[in-house]
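Residue-level listing of the chains:
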Amino acid sequence: MTPTRRITSTDGTELAIYRSGADTGPIVVAIHGYPDNHSVWDGVADALAGYQVIRYDVRGAGSSGKPAGRQAYRIEQLLDDLLAVLDAEATDQPVHLLAHDWGSVQAWPALSDPRLDGRIASFTSISGPSLDHAAAWLRSAHRHLRSAARQVADSYYTMLFQLPGAPETAIRAGLFDRAIGPHDRDDELHGLNLYRANMLRSFARRRPQRISVPVQVLAPTRDPYITPELALEAPAPFVPDLRTRRLAGGHWVVRERPDVIARCVGELIDFVGGAPEPKSLARARRRRGSDPHAGRLVVITGGARGIGRATALEFARGGADIVIADVNDVAAKETERELAALGVDAAAFHLDVADADAWAEFADQVRAHHGVPDIVVNNAGIGMAGAFLDTTVDDWRRVLDVNLWGVLHGSRIFGRQLVDRGEGGHIVNVASAAAFSPSRTLPAYSTTKAAVLMASECLRAELAPHDIGVTAICPGFVDSDITRTTTYVGADDAMQQAKRDRAVAAYHRRNYPPERVARNIVRAVRRNTPVAAVSVEAKFLRELYRFAPPLARRLARVDLSEIGN
C-alpha cells in the first residue's frame, strides 16, 4: 500500500502515513507495535470503514525512516512523531487512539503530555502496558506474587534484546520466526532499539500520572508476552475512567479477530461521542471487585423455581446481572423482584425451551436489551419415570424436546453469540447423576441427561479455543420442584399423585436443597470444571459407573419409584 502522505518529524525522520475509511466523522489513529508495520491494522481498518482511520509506520518500520542509534527511538521522540502526525492529519477534532504492543507503550505517555491536552478523546490499548504502570505494578509484587513472577518469566526476551549482537544474529537466522511469525528482517533489526532505548529506563521510581482520558484495555488471554493480570491491573490505580475486557486470542489478536477489535473500539468512540452506553461497555467498566462474576450477565432457563432460582440468586449476590426464562410467568416475576432487591439488573422472560422459534426470539431480545451474556445456564427440565416399554412416542418426544433440545438450542444459539463476541464466556448445562447411572425406573430421563452430558463434553472441546468454558452439572437427589411435577408413564392420576408424594417425601428426607447445587454451579464456572458431580450420591454413582460397571448395572434393577414405601 502506497502512503497517502509523508511528513518529517522533529529530528528529520520521515514518517509514512496511510488514510482510509470515511471522509468525515471521528478520527481513529492506529499505532502498531514491534515488529509490525501499519499493515497489522488492515483488517481492523476495513471493519472501521465508517470512521476516518489514520495509520502510520512507526520510525524503524515499514516505509518510514530508519534512523541509526538507540537514542532516536526514545519514548520522547516517539511522542514527537505522534504529535507531528496529529498536526498534519487531525487539527480539527480530538482523535481516538488505538494501539498495540509497542504502539501502546508509546501512546500511554501521550495521555498525560501537556502538548496533547484536549487532542485525545479516548484510548484503546491492546497488549502494551504503560512502562510506568508496569514498573509500579511489579514493585507491588508482594500483592500478586504469582502473577508478577509469571510476567517476569514471560518478559525474558526484553533482557535478551539488551545484549549486543546476539538478537541480531538470532533475527538474521530466523530463530524468532516461529514465535512471532515472518516479519520484515529490517523492521525486526531496527525495532530492537525500542527496547534498548526505553526498557531499563522504565524501572526509575517515577510516580505515574493520573489519566483523565477514557481508556479501554483489551487483554488477549493467550498472549505469551503480556499477561492479562498486568494488562488489566496495572493501569487501574491511575486511570479513573477505565474499561477492561479479556479477549479470546493471542498476542496478534488484531490480525486474528479484527471484527472484535473494531466492535470494541467503535463502542467506546460512539459512547464518548454522545451515544448511549451499550451494556457490554458498561460491564467492562463495572467488572471489578472481589467476586469474579461481578458485573457479568447471566442467563438462566428454568430460573423461576428450584435450582434455576437458587442459581440466579447465588450469582446475583456476587453482583452479576440476571436474565431468567421460564414457562411460569408468575413465579418468574416473583424471582425477578427478589433479584432486583439485591441491587442488580434483573429481567424475566417467558420461554418454552422446547420451542426453537421461541429460543431464537428470546436470544435476540436478550442481546438487544441486555447484551451478549457472559454465562448461560441451561437448567430447564422435566422429570419422567416409568418403564421403557410403557413410555409412548409422545412421552419420548416431550422429554427429549425439553431436557435435550432445550439444552441444545440454548448452547447452540448463545454459543454462537459468545464466539462472535470474542470475549470468552461459559455455558452450564444441567444434566443429572442419572446421566451415568442406568435405571429401570428412569429410562427416558436418564437417556436425555446422558445426551446432555456428552453434548457438553463435545461442545467444551469445540469452544475451548474461544476461551468459552462448558460445564455439565450432575446433581443427585435434590429437594426441588421437579419431584412434584414428574410424569409417571403408564400410571393413572391417583397412582401418579401417590408416586409423586412418595418421591417428594424421600427427597425431602435427603435434605439436599437447590441452594447447594447453585453454589456448586457458581464454583464450577469460576474453576471452569468440565463435569461437576454434585452431592455424595452423585459422586458415588459416577465412580461406580467408571470403575465397577457390573455393579452399576445391578443397581439399575432397583425400582426407584418404590422409594419411600
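For the structure itself, consult the block above.
Asks: Kindly report on the sheet that holds strand 7 (residues 215-220), identifying the contributing residues and their values.
Replies: As summarised here, the arrangement of the eight strands in space is 1-2-4-3-5-6-7-8, forming an open sheet in which the pairing is mixed. The sheet is open, and its two edges are formed by strand 1 (5-8) and strand 8 (242-247), each paired on a single side. Ignoring strand direction, the axes of neighbouring strands in this sheet form an average angle of 20 degrees. Contacting strand 3 (27-31), strand 5 (95-100), strand 6 (120-126), strand 7 and strand 8, helix 12 (residues 258-272) crosses the sheet at an angle of about 155 degrees to strand 6.

Asks: A description of the sheet that holds strand 14 (residues 425-430) should follow, citing residues and the corresponding values.
Replies: Taken together, seven strands build an open sheet; the order of strands is 11-10-9-12-14-15-17 and the sheet is parallel. Sheet topology places strand 11 (346-350) and strand 17 (531-534) at the edges, where each strand pairs with a single neighbour. Direction aside, the axes of adjacent strands within the sheet are offset by 15 degrees on average. Where strand 10 (residues 321-326) and strand 11 come together, five bridges link them in parallel fashion. What sits directly across from Ile322, in strand 11, is Ala346. The strands touched by helix 17 (residues 393-421) are strand 9 (297-301), strand 12 (375-378), strand 14 and strand 15 (468-475); relative to strand 14, the strand with the most contacts, the crossing angle is about 175 degrees. Against the sheet, helix 18 (residues 443-463) contacts strand 14, strand 15 and strand 17, and its axis sits at roughly 160 degrees relative to strand 15.

Asks: An account of the side chain of Asp326 is needed here, citing residue identities and associated values.
Replies: In this fold, Asp326 is placed in strand 10. Within the buried set, Asp326 has no salt-bridge partner at all; the shortest N-O distance to an opposite charge, 5.0 Å, is to Arg305. Polar side-chain contacts of Asp326 include one of 3.4 Å to the backbone nitrogen of Gly303. When near neighbours in sequence (up to four residues on either side) are disregarded, Asp326 contacts Gly302, Gly303, Ala304, Arg305, Ala332, Phe349, His350 and Leu351.

Asks: Would you mind going over the pairing of strand 2 (residues 14-21) in detail, with residue names and values included?
Replies: In terms of strand pairing, strand 1 meets strand 2 through four bridges, oriented antiparallel. Each residue of the ladder has a partner; that of Ile7, found in strand 2, is Leu15. Adjacent in sequence and paired antiparallel, strand 1 and strand 2 are bridged by five residues, among which Gly12 carries a positive phi angle near 95 degrees. Two strands pair when backbone bridges link them, and strand 2 and strand 4 (residues 52-56) are joined in this way by five bridges, in the antiparallel orientation.

Asks: Now, about a nonpolar patch on the surface: what can you tell me, with residues and values included?
Replies: Taken together, the side chains of Phe540, Leu555 and Val558 present a nonpolar region at the surface, about 270 Å² in accessible area. Its place among the elements puts Val558 in the segment after helix 23 (549-555). Accessibility expressed as a relative area gives 39% for Val558, which makes it partly exposed.

Asks: Go over the pattern of salt bridges, please, and point to the residues and values.
Replies: Think of it this way: side chains of opposite charge can pair up when their charged atoms draw near. Inspection of the entire model under this criterion finds 37 salt bridges. The salt bridge partner of Glu89 is Arg19, with a shortest N-O separation of 2.7 Å. Taken as a pair, Glu89 in helix 2 (residues 75-89) and Arg19 in strand 2 lie far apart in primary sequence, 70 residues in all. Its relative accessible area of 11% is what places Glu89 among the buried residues. The salt bridge involving Arg510 is made with Glu537; its shortest N-O contact spans 2.9 Å. Remark: Glu537 occurs in helix 22 (residues 536-547) and Arg510 occurs in helix 20 (residues 493-510); sequence separation between them is 27 residues. Classification of Arg510 as partly exposed rests on a relative accessible area of 29%. Ionic contacts of the salt-bridge type, sharing partners, join the residues Asp241, Arg243, Glu277 and Arg285 into one network.

Asks: Please provide a residue-by-residue account of helix 14 (residues 306-317), values included.
Replies: The terminal C-alpha atoms of helix 14 lie 17 Å apart, and with twelve residues this matches the ideal 16 Å at 1.5 Å per residue to within 8%. A large share of helix 14 lies buried, amounting to nine of its twelve residues. All buried positions along helix 14 are accounted for by Gly306, Ile307, Gly308, Ala310, Thr311, Ala312, Leu313, Phe315 and Ala316. Packing partners of the buried residues in helix 14 comprise strand 9, strand 10, helix 15 (329-340), strand 12, strand 15 and helix 21 (514-527). Backbone geometry just after helix 14 places Gly319 at a positive phi near 95 degrees.

Asks: Give a detailed account of the nonpolar core, specifying residues and quantitative values.
Replies: Membership of the largest hydrophobic core comes to 85 residues, with the highest contact counts inside it found for Val29, Leu97, Leu98 and Ile261. Sorting elements by how many residues they give to this core places helix 2 first, with eight residues. If we ignore the near neighbours within four places in the chain, the residues touching Leu98 are Val28, Val29, Ala30, Ile31, Trp41, Val44, Leu48, Thr124, Ile126, Ile261 and Val265. Among the nonpolar cores identified, the runner-up in size contains 30 residues, and Ala331, Tyr512, Val517 and Val522 belong to it.

Asks: So what's going on with helix 9 (residues 185-198)? Which residues, and what values?
Replies: Of all 14 residues in helix 9, twelve are buried; the element is thus mostly enclosed. Taking the backbone nitrogen of Asp186 as reference, a side-chain oxygen 2.9 Å away marks Asp184 as the first, capping residue of helix 9.

Asks: Can you break down the packing of aromatic side chains residue by residue, with the values?
Replies: For the structure on display, the rule yields 16 aromatic pairs. Between Tyr34 and Tyr195 the ring centres are 5.5 Å apart and the planes differ by 80 degrees, which places this aromatic pair in the edge-to-face class. Pair noted here: Tyr34 is in the loop between strand 3 and helix 1 (42-47) and Tyr195 is in helix 9, with a separation of 161 residues, a long-range link. Considered together, Tyr34 and Tyr195 belong to a single accessibility category, that of buried residues. Look at Tyr156 and Tyr157: their rings are 5.8 Å apart centre to centre, the planes differ by 85 degrees, and that puts the pair in the edge-to-face class. Judged by its relative accessible area of 13%, Tyr157 is buried.

Definitions and limits used
- Residues numbered from 1 in each chain as written.
- Predicted model: local features only at pLDDT ≥ 70, side-chain atom pairs only at ≥ 80, totals over all residues.
- Heavy atoms only, no water.
- Pairing = 2+ DSSP bridges.
- Helix = DSSP H or I, 4+ residues; strand = E, 2+ residues; numbered from the N terminus.
- Axes fitted to C-alpha atoms, helices over the stretch in contact; angles between N-to-C directions.
- Contact = heavy atoms within 4.5 Å.
- Buried < 20%, exposed > 50% of the residue type's maximum accessible area, 1.4 Å probe, protein only.
- Lys, Arg positive; Asp, Glu negative; His and termini not counted.
- Salt bridge = Lys/Arg side-chain N within 4 Å of Asp/Glu carboxyl O.
- Polar contact = N/O pair within 3.5 Å; in protein donor to acceptor, adjacent residues only side chain to side chain.
- Patch = residues over 30% accessible without salt bridge, like charges linked within 9 Å, V, L, I, M, F, W, Y side chains within 5 Å.
- Areas by Shrake-Rupley, 256 points an atom, 1.4 Å probe, with all protein chains shown as cover.
- Expected span 1.5 Å × (residues − 1).
- Core = buried A, V, L, I, M, F, W, Y, C linked by side-chain atoms within 4.5 Å.
- Phe/Tyr/Trp six-rings, centres within 6.5 Å; stacked < 30°, edge-to-face > 60°.

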